[in-house]
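# Geometric and topological summary
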Amino acid sequence: MLPDLAELLADAHVVALPMRVRFRGITVREALVLRGPAGWTEFSPFVEYDDAEAAAWLRATVDFGWTEHEPAADSVPVNATVPAIAPDAVAALLARYPGCTTAKVKVAEPGTSIDDDVARVAEVRRVMGPDAAVRVDANGLWSVGQAAEALERLAPFGLQYAEQPCRTVPELAELRARIAGLDVPVAADESVRKASDPLAVARAGAADVLVVKAQPLGGITAARAVVADAGLPCVVSSALDTSVGLGMGAFLAAAAMSPGYAAGLGTAAMFASDVSASPLLPVAGRIPVERAAVSRELLERNAASPERTAWWRARLERVHALLAA
């Protein structure tokens, strides 16, 4: 069921949330949050995505705002997220994730080197200790050769998995065979959320773990179907959502995520401000499975400029027309 555009825009607000550190090349995260019959929901495809790709995100918006989802648990464990920062900044950043025993470390950042990646991962391991789970995420920026070389150097730090080390499914399959002796599982993210067929990576035997995100896969209902059909362990992660979108992810994680993994849903700690006075921040390494309580005051304080608000409302209108057609 697709609501009318007027219904979507009846209580819709575009926000620009300041970030504590640069992530994915941005320091401000824009999002459109709106209220449906079931509660607050979010539409926040990254600005570079075209309307066709953003359509899945709008389906997720509707799924969460117009469907009553029952929580399958009270809370879910989450990981710390470490951007491409210098090693001497790692300890202070990890302190924002109290109780987290898993960290995801960004690697392969443009303008940095594998030496930088090794130093960052080494410091995360030192600060978190030998029992912590450490993941790396390359966002598909390595070639097969670069990934094999990098992971050979990173493997001694005991990686839980390497997330999207290469861009394509054939490259992931080739790399997985090439590093079979390193004991570094391969996880697929972009090959799931940006693919026309999110199950292609599982059929090709190109990954050991699937990283799934609620908005890019069309919402909780659609993402649960992908996980069930894939037959692989699943980790639910954030698309740098506000606390509203993190709530959507938490409901998905409670229902679909494999035991033994932490969800990548602790990213509210990356924002200097949010849309909720009680943001879904990690406490004792977990976040609650609940819808965030949105603050009207914070919506106003973090409101995007009139130009950016008009841009997002026009985008929503175009994507709604795509789905309606």
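Rules used in this analysis
Residues numbered from 1 in each chain as written. Predicted model: local features only at pLDDT ≥ 70, side-chain atom pairs only at ≥ 80, totals over all residues. Heavy atoms only, no water. 1 Å grid on protein atoms, 1.4 Å probe; cavity = no way out; pocket = protein on both sides within 12 Å on 5 of 7 lines; lining within 4 Å. Points joined across faces, edges and corners; volume = space filled by probe spheres on them. Helix = DSSP H or I, 4+ residues; strand = E, 2+ residues; numbered from the N terminus. Pairing = 2+ DSSP bridges. Axes fitted to C-alpha atoms, helices over the stretch in contact; angles between N-to-C directions. Contact = heavy atoms within 4.5 Å. Left-handed = near helix turned anticlockwise from the far one by under 90°. Nonpolar A, V, L, I, M, F, W, Y, C, P; charged D, E, K, R; others polar. Buried < 20%, exposed > 50% of the residue type's maximum accessible area, 1.4 Å probe, protein only. Arc of directions from axis to C-beta.

Now for the layout of surface pockets. When its volume is computed, the largest pocket comes out at roughly 510 Å³. Lining the largest pocket are 28 residues, with Phe 23, Arg 24, Lys 106, Asn 139 and Glu 190 sitting closest to its centre. Taken together, the elements giving at least two residues each to the lining of the largest pocket come down to strand S1 (12–23), strand S6 (102–106) and helix H7 (190–193). Taken as a whole, the second largest pocket holds about 230 Å³ of empty space.

What follows concerns the sheet that holds strand S2 (residues 26–36). In spatial order, the strands read S1-S2-S3; together these three strands make up an open sheet with antiparallel pairing. Of all strands in the sheet, those bounded by a partner on one side alone are S1 and strand S3 (39–43). Adjacent strand axes in the sheet meet at a mean angle of 35°, parallel and antiparallel pairs treated alike. Bridge count between S2 and S3: five bridges; the pairing is antiparallel. Along S3, the bridge assignment pairs Val 33 with Glu 42. Lying over the sheet, helix H10 (residues 243–256) contacts S2 and S3, oriented at roughly 100° with respect to S3. Contacts from helix H12 (residues 306–324) reach S1, S2 and S3, with the element oriented near 55° to S2.

This part is about the packing of helix H5 (residues 144–154) against helix H6 (residues 169–178). To characterise two packed helices, one gives the angle between the axes of the helices and the distance between these axes. Direction vectors running N to C along H5 and H6 enclose 35°, while the axes themselves pass 10 Å from each other. When the axes of H5 and H6 are compared, the crossing they make is right-handed. Contact with H5, carried on its side by Val 144, Gly 145, Ala 147, Ala 148 and Leu 151, involves Glu 171, Glu 174, Leu 175 and Arg 178 of H6 and no other residues of that element. Residue classes in the contact of H5 with H6 are distributed as five nonpolar, one polar and three charged.

Now for the environment of Gly 219. Tracing the backbone shows Gly 219 in the loop between strand S10 (209–212) and helix H9 (220–230). Overall, Gly 219 belongs to the buried group, its relative accessible area being 0%. Spatially, the C-alpha atoms of Gly 219 and Glu 42 are 11 Å apart, while their sequence positions differ by 177 residues. Beyond its immediate chain neighbours, meaning those up to four positions away, Gly 219 contacts Ala 60, Asp 63 and Ala 214.

Because an α-helix completes one turn every 3.6 residues, residues spaced three or four positions apart along the sequence face the same direction. Every buried residue of H9 is accounted for by Ile 220, Ala 223, Val 226, Val 227 and Ala 230. Taken end-on, H9 shows its buried residues confined to a sector of 125°, consistent with a single buried face. Exposed side chains of H9 directed beyond 90 degrees from the buried face belong to Ala 228 and Asp 229. With its phi angle positive at about 70°, Gly 231 sits one or two positions after the end of H9.

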